[in-house]
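Chain residues, written in single-letter form:
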Amino acid sequence: MGGTSPCASCKLLRRRCAKDCIFAPYFPSDDPHKFSMVHKVFGASNVSKMLQELPIHQRGDAVSSLVYEANARVRDPVYGCVGAISYLQNQVSQLQMQLAVAQAEILCIQMQQEPNLPTQIMDQDERSLLLSTNFNNMPQYLSFASSSNVIQDPLKRESLWI
Amino acid sequence: MLTCGRYMASSSYSNSPCAACKFLRRKCMPDCIFAPYFPPEEPQKFANVHKIFGASNVSKLLNEVLPHQREDAVNSLAYEAEARIKDPVYGCVGAISVLQRHVLRLQKELEATNADLMRYACNDMPTSTTSSQFGRRMGHEGGSFGQSSGLYYSSPWNNEPYDQDSQERGGEGNM
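Residues numbered from 1 in each chain as written. Chains lettered and ligands numbered in written order. Predicted model: local features only at pLDDT ≥ 70, side-chain atom pairs only at ≥ 80, totals over all residues. Heavy atoms only, no water.

Focus on the overall build of chain A
Helix and strand content of chain A: six helices and zero strands. Ordered by position in the sequence, the α and β elements of chain A form the string α-α-α-α-α-α. For chain A, the proportion of its 162 residues judged to be buried stands at 45%. Look at the contacts in chain A between residues 6 or more apart in sequence, and 56% of them connect residues 24 or more apart. As displayed, chain A offers around 9100 Å² of accessible surface, 53% of which is attributable to carbon and sulfur atoms. (Helix = DSSP H or I, 4+ residues; strand = E, 2+ residues; numbered from the N terminus. Buried < 20%, exposed > 50% of the residue type's maximum accessible area, 1.4 Å probe, protein only. Contact = heavy atoms within 4.5 Å. Areas by Shrake-Rupley, 256 points an atom, 1.4 Å probe, with all protein chains shown as cover.)

Encoded structure:
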């Protein structure tokens, strides 16, 4: 076999690309931008250490996630992909609110159509309250605790998108 | 008074190096870029950030952002670093994938619920009232899917733009 082209990492770092180069499987020479982003944000030696600590079958996914994070950080130097997390948490909260409102309206209509629903669902006061609620005037954006059990609000702020 | 004076003296003339300079074993200068954001009582914060990003990358990044944005930048870096240490394969990108799938599920559920609501309402209410209710609820006011924000984030695993049309394509990651 003839001499192989150095991987994108070794090209950028201007070094010989060894046969066992840890970067070579994940940073092919035809995509130099990928490694340059990762190097800019994390640094080649940090990435190398991270990859060495992982079993080989997990390194591909690790590189993909590092590339994603690096690109997000270059695009948004202040928040990086934490901005995406806050945005998505906000979306989840809004959707949960909208879903709750829609479900409550269905229940309300059902109760109006079927006044003799079993009483164990709610007591008379709760039924009266639900039937008297005007859903058309509910605020569009209610403070709604996220039910996500994945992560807390990363920057301890309700929303980054005021 | 003595206690107050001593407190004031220690905060005004503190010789305590910041967590970054302590970690790096160097003199903490008055204009140290790390000092406002890495107090000595939070050593782990800098240790994590240093492990993942490296001190010089953090310093370059802080120099690139405006001073009033640096605190948020440091906190987001600290968050990402901690997430990466806890999950060396996916870091905080794992949380993005989970949240994107959650958003998709909620959107589908909301569509189904709105369809049910339409059926109930059509049986019960005049057509003009039904249309105005649905215009609001489907997000034509307020941008329920975040479209009014003008931002989108690609799915981590296929680089599709994260907008409403591509969510179904991008929502199922390979995690």
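Thoughts on the overall build of chain B
Within chain B one finds eight helices and zero strands. Starting at the N terminus and walking to the C terminus, you meet the elements of chain B as α-α-α-α-α-α-α-α. In chain B, of all internal contacts separated by at least 6 residues, the share reaching a separation of at least 24 is 45%. With an accessible surface of roughly 10000 Å², chain B has 53% of that area assigned to carbon and sulfur atoms.

Quick notes on the pattern of salt bridges
Residue and element names in this part refer to chain B. Applying the stated criterion across every chain yields a total of four salt bridges over all chains. The shortest N-O distance in the salt bridge between E82 and K86 comes to 3.1 Å. Of the two residues, E82 and K86 both sit in helix 5 (residues 70-86), four residues apart, roughly one turn of that helix. The class of K86 is exposed, set by a relative accessible area of 65%. Close ionic contact of R119 with D116 constitutes a salt bridge, the shortest N to O distance being 2.1 Å. Separated by three residues within a single helix, R119 and D116 lie in helix 6 (residues 93-124), roughly one turn from each other. (Salt bridge = Lys/Arg side-chain N within 4 Å of Asp/Glu carboxyl O.)

Topic: the confidence of the model for chain B
All names here are of chain B. For chain B, per-residue confidence averages 76 on the pLDDT scale, and residues scoring 70 or more make up 62% of the total. The model gives residues 139-152 a pLDDT under 50, and that stretch makes 25 contacts with residues more than four places away or in other chains. Overall fold confidence (pTM) sits at 0.70, and the ipTM for the predicted complex is 0.71. (pLDDT = per-residue confidence, 0-100.)

Some thoughts on the packing of aromatic side chains
One pass over the structure, following the stated rule, counts eight aromatic pairs over all chains. Ring centres 6.1 Å apart and planes at 65° place the aromatic pair F23 of chain A and F27 of chain A in the edge-to-face group. Accessibility expressed as a relative area gives 1% for F27 of chain A, which makes it buried. Aromatic side chains F23 of chain B and F46 of chain B sit 5.7 Å apart centroid to centroid with 70° between the ring planes, which places their arrangement in the edge-to-face category. Note that F23 of chain B is positioned in helix 2 (residues 19-24) and F46 of chain B in helix 3 (residues 43-52), a separation of 23 residues in sequence. Its relative accessible area of 40% is what places F23 of chain B among the partly exposed residues. Between the NZ or CZ atom of K45 of chain B and the centre of the ring of F38 of chain B, over which it lies, the distance is 5.7 Å. (Phe/Tyr/Trp six-rings, centres within 6.5 Å; stacked < 30°, edge-to-face > 60°. Lys NZ or Arg CZ within 6 Å of the ring centre and 35° of its normal.)

A short note on the packing of helix 4 (residues 55-64) of chain B against helix 5 of chain B
All names here are of chain B. As a packed pair, helix 4 and helix 5 sit with axes 9 Å apart at the nearest point and diverge in direction by 150°. Judged by the sense of rotation from one axis to the other, the crossing of helix 4 with helix 5 is right-handed. Across the interface between the two elements, V58, L61, L62 and N63 from helix 4 touch R70, A73, V74 and L77 from helix 5. Taken together, the residues of the contact of helix 4 with helix 5 sort by class into six nonpolar, one polar and one charged. (Axes fitted to C-alpha atoms, helices over the stretch in contact; angles between N-to-C directions. Left-handed = near helix turned anticlockwise from the far one by under 90°. Nonpolar A, V, L, I, M, F, W, Y, C, P; charged D, E, K, R; others polar.)

Regarding the nonpolar core
Taken as a class, soluble globular proteins show a tendency for nonpolar side chains to be buried jointly. Formed by 50 residues in total, the largest nonpolar core has its most connected members in F23, F27 and F42 of chain A together with F34 and F53 of chain B. Residue assignment for this core shows that the elements contributing at least two residues are helix 1 (8-13), helix 2 (32-41), helix 3 (44-52) and helix 4 (56-75) of chain A together with helix 2, helix 3, helix 4 and helix 5 of chain B. Residue contacts for F34 of chain B: discarding those within four places in its chain leaves C18, A20, R26, F46, A55, V58, S59 and L62 of chain B. (Core = buried A, V, L, I, M, F, W, Y, C linked by side-chain atoms within 4.5 Å.)

Quick word on the confidence of the model for chain A
Reading predicted coordinates in detail is not appropriate for stretches of low pLDDT. Taken residue by residue, chain A gives an average pLDDT of 81. The fraction at 70 or more is 69%. Under a pLDDT of 50 for its full length, residues 138-152 of chain A has, in the predicted model, 29 contacts with residues more than four places off or in other chains.

Details of helix 5 of chain B
Between its first and last C-alpha, helix 5 of chain B extends 24 Å over 17 residues, near the 24 Å set by a 1.5 Å rise per residue. Among the 17 residues that make up helix 5 of chain B, 12 are buried, leaving the element largely enclosed by the rest of the structure. All of the buried residues in helix 5 of chain B are R70, D72, A73, V74, S76, L77, A78, Y79, E80, A81, A83 and R84 of chain B. Contact partners of the buried residues in helix 5 of chain B: helix 3, helix 4 and helix 5 (82-113) of chain A together with helix 3 and helix 4 of chain B. (Expected span 1.5 Å × (residues − 1).)

Digging into helix 2 of chain A
Residues of helix 2 of chain A that are buried: F35, M37, V38 and V41 of chain A. Along the axis of helix 2 of chain A, the buried residues cluster in a sector spanning 155°; they form a single face. On its buried face, helix 2 of chain A sits against helix 1, helix 3 and helix 4 of chain A together with helix 4 of chain B. Of the residues trailing helix 2 of chain A, G43 of chain A is marked for its positive phi of about 90°. (Arc of directions from axis to C-beta.)

Comments concerning unusual backbone geometry
Positive phi, normally seen in glycine, also occurs at R14 of chain A, with a value near 55°. The residue R14 of chain A is located in the loop between helix 1 and helix 2 in this model.

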